[in-house]
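Here are the chains, one letter per residue:
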Amino acid sequence: MPRLLVFYDGTCGLCHRWVQWVLQRDRSGIVRFATLQGRCFEKLARDYPWLKEMDSLVVVDLTRPDRPPLVRAQAVARVLEEFPGWRIVARCIRSSPQWVWNWLYEKTAQRRYSLFSNQGWCRALTPQEKKRFVEESTSGDPCAGLLSPGGRVRERQT
């Protein structure tokens, strides 16, 4: 059962590298991925209008349907919490002044296209990895099982 839904900029090389980094460490398959340009993100943004202009990493914690999506440094910290060797970094991000981390995040994001080209480095995904990406090409609901029809996080079935 996935715990996190990570939305990333599908045109950004840095974002693609982040996704690859997460895939390498997430052996349990608890993270799912979708692009900010896709239908699933549109659905989420209906309930969170402030996300509509977002070009940043957005993380939905599927274990906490009562919480709004996380963005920027908080989104990174939430993903890092899932990996044992990186939890200390997540704690540092969460316990430090957020303006510092968000400033750093924004400065990196402003230069991401020039610093991190997305050409020539992509590797082919394994069949198991492909299953971790929300299907944007299906005619049905791209977020089925993850988000409710209105775009909110679906309550977990126990």
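Structure shown above.
Cut-off values and rules
- Residues numbered from 1 in each chain as written.
- Predicted model: local features only at pLDDT ≥ 70, side-chain atom pairs only at ≥ 80, totals over all residues.
- Heavy atoms only, no water.
- Helix = DSSP H or I, 4+ residues; strand = E, 2+ residues; numbered from the N terminus.
- Buried < 20%, exposed > 50% of the residue type's maximum accessible area, 1.4 Å probe, protein only.
- Contact = heavy atoms within 4.5 Å.
- Areas by Shrake-Rupley, 256 points an atom, 1.4 Å probe, with all protein chains shown as cover.
- Pairing = 2+ DSSP bridges.
- Axes fitted to C-alpha atoms, helices over the stretch in contact; angles between N-to-C directions.
- Parallel < 35°, antiparallel > 145°, perpendicular 65-115°, else oblique.
- Left-handed = near helix turned anticlockwise from the far one by under 90°.
- Nonpolar A, V, L, I, M, F, W, Y, C, P; charged D, E, K, R; others polar.
- Expected span 1.5 Å × (residues − 1).
- Phe/Tyr/Trp six-rings, centres within 6.5 Å; stacked < 30°, edge-to-face > 60°.

(A) Representation of the overall build of the protein chain within the structure. When you go through the protein chain residue by residue, the secondary structure sums to six helices and four strands. Scanning the protein chain from its N terminus toward the C terminus, one meets helices and strands in the order β-α-β-α-β-β-α-α-α-α. When burial is assessed residue by residue, the protein chain has 43% of its 158 residues classed as buried. Contacts in the protein chain between residues far apart in sequence, at least 24 positions, make up 67% of those at least 6 positions apart. Entry remark: accessible area of the protein chain is about 9,000 Å², with carbon and sulfur atoms responsible for 55%.

(B) A look at the environment of Lys130. Inspection of the secondary structure puts Lys130 in helix H6 (residues 127-130). Counting along the chain gives 97 residues from Lys130 to Phe33, while the straight-line C-alpha distance between them is 9.7 Å. Contact partners of Lys130, with chain neighbours within four places excluded, come to Leu125 and Glu135.

(C) The arrangement of the sheet that holds strand E2 (residues 31-35) in detail. Pairing is mixed across the open sheet formed by four strands, whose spatial order is E2-E1-E3-E4. Whereas interior strands pair on both sides, the edge strands pair on one side only; in this sheet they are E2 and strand E4 (70-71). Of the pairings in the sheet, the one linking strand E3 (residues 58-61) to E4 comprises two bridges and is antiparallel in character. Residue pairing across strands places Val59 opposite Leu70, the latter belonging to E4. Packing of helix H2 (residues 39-47) onto the sheet brings it into contact with strand E1 (4-8), E2 and E3, and relative to E1 it is tilted by some 105 degrees.

(D) Region of the structure containing the packing of helix H3 (residues 72-80) against helix H4 (residues 87-95). In the contact formed by H3 and H4, the axes pass within 8 Å of each other and the chain directions differ by 150 degrees. Between H3 and H4, the interaxial angle falls into the category roughly antiparallel. The two elements H3 and H4 cross, and the hand of that crossing is left-handed. Mapping the contact onto sequence places Ala73, Gln74, Val76, Ala77, Arg78 and Leu80 in H3 and Arg87, Val89, Ala90, Ile93 and Arg94 in H4. Of the residues in the contact of H3 with H4, the class split is seven nonpolar, one polar and three charged.

(E) Here's a closer look at unusual backbone geometry. With a phi close to 55 degrees, Arg72 is a non-glycine residue in the positive phi region. We classify Arg72 as partly exposed; its relative accessible area is 26%.

(F) Seen up close, helix H1 (residues 13-25). Taking 1.5 Å of rise per residue, 13 residues should cover 18 Å, and H1 covers 19 Å from first to last C-alpha, within 8% of that figure. Burial in H1 covers these residues: Gly13, Cys15, His16, Trp18, Val19, Gln20, Trp21, Val22 and Leu23.

(G) Highlighting the packing of aromatic side chains. The full count for this structure, using the stated rule, is six aromatic pairs. Note on Tyr48 and Trp50: the rings are 6.3 Å apart at their centroids and 75 degrees apart in plane angle, and the pair reads as edge-to-face. A relative accessible area of 7% means that Tyr48 is categorised as buried. Taken together, the ring pairs in this structure connect Trp18, Trp21, Phe83 and Trp86 into an aromatic cluster.

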